[in-house]
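# Examining the three-dimensional arrangement
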Amino acid sequence: MEVQALAKLNLTLDVLGKRPDGYHDLRMVMQSITLSDTLELADNAGEGLRVESSLHFLPAGEKNLAGKAAVCFYQALGRDVRSLDIRLTKRIPVCAGMAGGSSDAAAVLRGLNELEGNPFTPTELARIGERVGSDVPYCVIGGTALAEGRGEILTPLPALPPCWVVACKPDFPVSTPELFGRIDSCRIRCRPDTEGMLAALESGNLGAVARRMYNVFEDALPDRQRTSMAEIKNVLIQCGALGANMSGSGPTAFGLFDEEEAARQAAQLLGQSYRETFLARTV
Ligand code: ATP
């Protein structure tokens, strides 16, 4: 069986505070896009669980989020993984804030559920996904959704009006724990207008959605990285994006476009400086 794992973007990301259990309470509007990994699930005649990826530096077996998802799925069925090969063709950049690993895990859950005759409802599948990672429940459901708590409390939202996306991942690495640390130690100066974003989605106004995109992690980036992020966003806007934002804990920046030609030109221009630049559509 072949399954697609879609990348996600954050239209908004707010960190509400640190919880007693050490996690943070988040409030995020998430959006799936057509940029995707492909997963092949196949019986391997009793060889147990094997995970193989087109990117050789990714972990194999249960350490790969796709493998971990298979283990959690069969645990929920009260069984071991007896005979499963997972072959991953990665296109979603790794450590980019686009939930590539979580989306692979969610695709495995959806695929295995179908292969096993749908023993779980989508809500049950999302709950199984929670054991793999906080973004997995959203990736099981996908589309446009509000994610709260650690990311596992989901409310489906009216779909974003279809549009073009240019996503660009600069080369510098970001450390998510470090960014949370910076957020904890300083006062957040500016937050997304999440209510305004929900109203904009309700009204189906793409321009209003694009204008309300905001991510509190961007302000917490070290100076040089924040400057690079601002430069990429600036190019996107100059090329005609209706709005631009950073996704997750970065470092991917993206812009929303209502015109294909403008999006293609932006992708071409940014692609000259940044290898990992992608043109996609919203889903
Ligand atoms: P998020 O947006 O959910 O924070 P991310 O885009 O920052 O995710 P991922 O690309 O999902 O990050 O993966 C981050 C880590 O997970 C990497 O250290 C990687 O080695 C590990 N990993 C395990 N399985 C996978 C997978 N199938 N695809 C990508 N990364 C994986």
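Refer to the structure above for everything that follows.
Residues numbered from 1 in each chain as written. Predicted model: local features only at pLDDT ≥ 70, side-chain atom pairs only at ≥ 80, totals over all residues. Heavy atoms only, no water.

## Quick look at the nonpolar core
Nonpolar side chains tend toward joint burial in soluble globular proteins. Core analysis: the largest hydrophobic core is formed by 65 residues, its most contacted members being Val15, Leu39, Ile86, Val108, Leu236 and Phe257. When residues of this core are assigned to their parent elements, the largest contribution, 7 residues, is made by helix α1 (residues 65-76). The residue makeup of this core includes at least three contributed by each of domain 1 (2-156) and domain 2 (164-281). (Core = buried A, V, L, I, M, F, W, Y, C linked by side-chain atoms within 4.5 Å. Buried < 20%, exposed > 50% of the residue type's maximum accessible area, 1.4 Å probe, protein only. Helix = DSSP H or I, 4+ residues; strand = E, 2+ residues; numbered from the N terminus. Domains from an automatic or database assignment.)

## Details of the side chain of Gln31
In this fold, Gln31 is placed in strand β2 (residues 24-42). A residue is classified by how much of its surface remains accessible, and Gln31, at 2% relative accessible area, is buried. A polar side-chain atom of Gln31 sits 2.6 Å from a polar atom in the side chain of Thr144. Excluding its chain neighbours within four sequence positions, the residues that come into contact with Gln31 are Ala7, Lys8, Leu9, Leu11, Tyr138, Gly143, Thr144, Leu160, Thr282 and Val283. (Polar contact = N/O pair within 3.5 Å; in protein donor to acceptor, adjacent residues only side chain to side chain. Contact = heavy atoms within 4.5 Å.)

## Some details on α1
Because each turn of an α-helix spans 3.6 residues, side chains separated by three or four positions end up pointing in the same direction. Its 12 residues place the ends of α1 16 Å apart at the C-alpha level, agreeing with the 16 Å of an ideal helix rising 1.5 Å per residue. Among all positions in α1, only Ala66, Gly67, Ala69, Ala70, Val71, Cys72, Phe73 and Tyr74 are buried. Summarising the contacts, the buried residues of α1 are in contact with β2, β3 (48-53), β4 (83-89), α2 (100-115) and α3 (122-130). Phi turns positive one or two residues past the end of α1, at Gly78, with a value near 80 degrees. (Expected span 1.5 Å × (residues − 1).)

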